[in-house]
Structure formats: structure tokens, C-alpha cells
Amino acid sequence: MSMESFEQDVDDSPIVPAEIRKVPKSIEEIVRITKFSKSEIRLLYKGFKQECPNGAVTQREFQAIYSHFFPHGNCQNYTTFLFRILDRRKRMYFTFEDYIQTLSVLVRGSIKEKLNWIFRFYDVYDEGKLTKQAFETILRSLYELLGSNTCVHQPVTDETIQKHLTILFDKLDFQQSGSINIDDFIKYCLRNETLVNEIQLLSSSAI
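Quick summary incoming for the structure in this document. (Residues numbered from 1 in each chain as written. Predicted model: local features only at pLDDT ≥ 70, side-chain atom pairs only at ≥ 80, totals over all residues. Heavy atoms only, no water.)

Turning our attention to empty space enclosed by the protein. Tallying each qualifying case throughout the model produces 1 cavity of 30 Å³ or more. By volume, the largest cavity is sized at about 30 Å³. Lining the largest cavity, in full, are L172, D173, F174, Q175, S177, S179, I180 and D184. Considering only residue class, the lining of the largest cavity consists of 3 nonpolar, 3 polar and 2 charged. (1 Å grid on protein atoms, 1.4 Å probe; cavity = no way out; pocket = protein on both sides within 12 Å on 5 of 7 lines; lining within 4 Å. Points joined across faces, edges and corners; volume = space filled by probe spheres on them. Nonpolar A, V, L, I, M, F, W, Y, C, P; charged D, E, K, R; others polar.)

Structure representation (C-alpha cells):
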């Protein structure tokens, strides 16, 4: 697929402001910056354009997309944190290029690349470290995302969240310093074979 093919595909979309409407790079360039093949990129782009015909996704649109998948929950906080990572250049929207580079890390990246991504996702305050407050914020957003569908899980209380938080954070904060930097986070995870295996399962996802 050439650059012209991408442009023609996007140009069939409804007119939107120029600062939002974006045409992806050529397929050759996307192959170079990701770990996907041309056929995989074509398929992923087709799905992206179907959900996002304007070529870019704002935070409000991203939240609306997620709400279809989690109708029983409140996805506002979780999508805010995830959008922050996808919007790599802080433009208040993300494009197919942003999306596929993130997907490339999660599905085809090395274990260290995946751990770096997870660290950035949990570092919701952009402090360069993980604190207990940051962990609690993410955990609450995950439980909110799942919602009150008791077929999926039992109703969650503050006691449940605090118990989960304590178990998780105490394991990672093995130096008991109250915060976890990226090096300690990666070292702990690489020593934990079970955790590494769970993360590596991402690589078996079908595209």
C-alpha cells in the first residue's frame, strides 16, 4: 500500500478540522517503525478507520469507543490514563501511527519494552516513579471499568482495593522506600518468572 492509497482512503472520510484530520505515513515507514508486516498493517488500518474515520481520536471519542466494550462500568478514568499514553505528542488526539506503535510494543515488543510501557501507564502523575497513591488510582480505575456486573466479579469494596493494593505494592517496593523507580520495577519483574510469563502472553495475541 502506497502513501497515495492511504491518503485516498482517508479522503473518503467526512470533512473535519485540518489540525485534527491526519493522514498516516506510508506503509513502508510504518513497517520500519513497528514490528508488523504490511498485511497486518493493512488489516489494522482498516479496523482503525472503521472506528475512527477522521484519522484521529480525541479523548471523548476514545471514551465512547470503550463504553461499548464495558457497558456496565465507568470507563472515564481508565480511558483518561490510557489516552495519555496513546497521545504521545500531547496533541489532545492520537492517530493511527500513535496507535500502532503502542500496539507494536504490547504485542510484539521485548519484555523490557512491555515493562517500560506498563511503568509509564502506572506513573499517572508523570513523576518518574510509582507510588502507592498512583497504584491505588489505577486499581480504582480498573474496578470502575469492570463496573457492577456481578457475573464478572463480586462487588468491590474499599477494603478489597486496599488489600489488593497492599499485596501488589509491597511486593514491588522491596526496598520499602515508598516509591518504585523504573530500574527497580524492571529488576523485580524480570526476577518474577510468573509475572514475566503473564506479560509474554501478550505476544501470542492474534492480529
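Axis separation between helix α5 (residues 76–86) and helix α8 (residues 132–146) bottoms out at 7 Å; the angle between their running directions is 125°. For the element pair α5 / α8, the angle class is oblique. Crossing hand, α5 versus α8: left-handed. From α5, N77, Y78 and F81 reach across to α8, where they touch T137, I138, S141, L142, E144 and L145. Class assignment for the residues of the contact of α5 with α8 results in 5 nonpolar, 3 polar and 1 charged. (Axes fitted to C-alpha atoms, helices over the stretch in contact; angles between N-to-C directions. Helix = DSSP H or I, 4+ residues; strand = E, 2+ residues; numbered from the N terminus. Parallel < 35°, antiparallel > 145°, perpendicular 65-115°, else oblique. Left-handed = near helix turned anticlockwise from the far one by under 90°. Contact = heavy atoms within 4.5 Å.)

Bringing the environment of F169 into the picture now. With respect to the secondary-structure elements, F169 resides in helix α9 (residues 158–172). Separated by 37 residues in the primary sequence, F169 and K132 place their C-alpha atoms 6.5 Å from one another. Setting aside anything within four residues of it in sequence, one finds F169 in contact with L130, T131, K132, F135, G178, S179 and I180.

What follows deals with the nonpolar core. A general feature of soluble globular proteins is that nonpolar side chains tend to end up buried together. Core analysis: the largest hydrophobic core is formed by 48 residues, its most contacted members being F62, L82, F96, F121, F135 and F185. With 7 residues, the top contributor of residues to this core is helix α7 (residues 111–122). Counting the residues that make up this core, at least three belong to each of domain 1 (26–109) and domain 2 (110–206). Once residues within four sequence positions are removed from consideration, F121 is found in contact with Y78, F81, L82, R84, I85 and I138. (Core = buried A, V, L, I, M, F, W, Y, C linked by side-chain atoms within 4.5 Å. Buried < 20%, exposed > 50% of the residue type's maximum accessible area, 1.4 Å probe, protein only. Domains from an automatic or database assignment.)

Our next topic: helix α3 (residues 38–51). Its 14 residues give α3 an end-to-end C-alpha distance of 20 Å, which sits within 8% of 20 Å, the value for a rise of 1.5 Å per residue. Taken as a whole, α3 has its buried residues at E40, I41, L44, Y45, F48 and K49. When α3 is viewed along its axis, its buried side chains cluster within an angular range of 155° and face the same direction. Seen from the buried face of α3, the exposed residues on the opposite side, beyond 90 degrees, are K46 and Q50. (Expected span 1.5 Å × (residues − 1). Arc of directions from axis to C-beta.)

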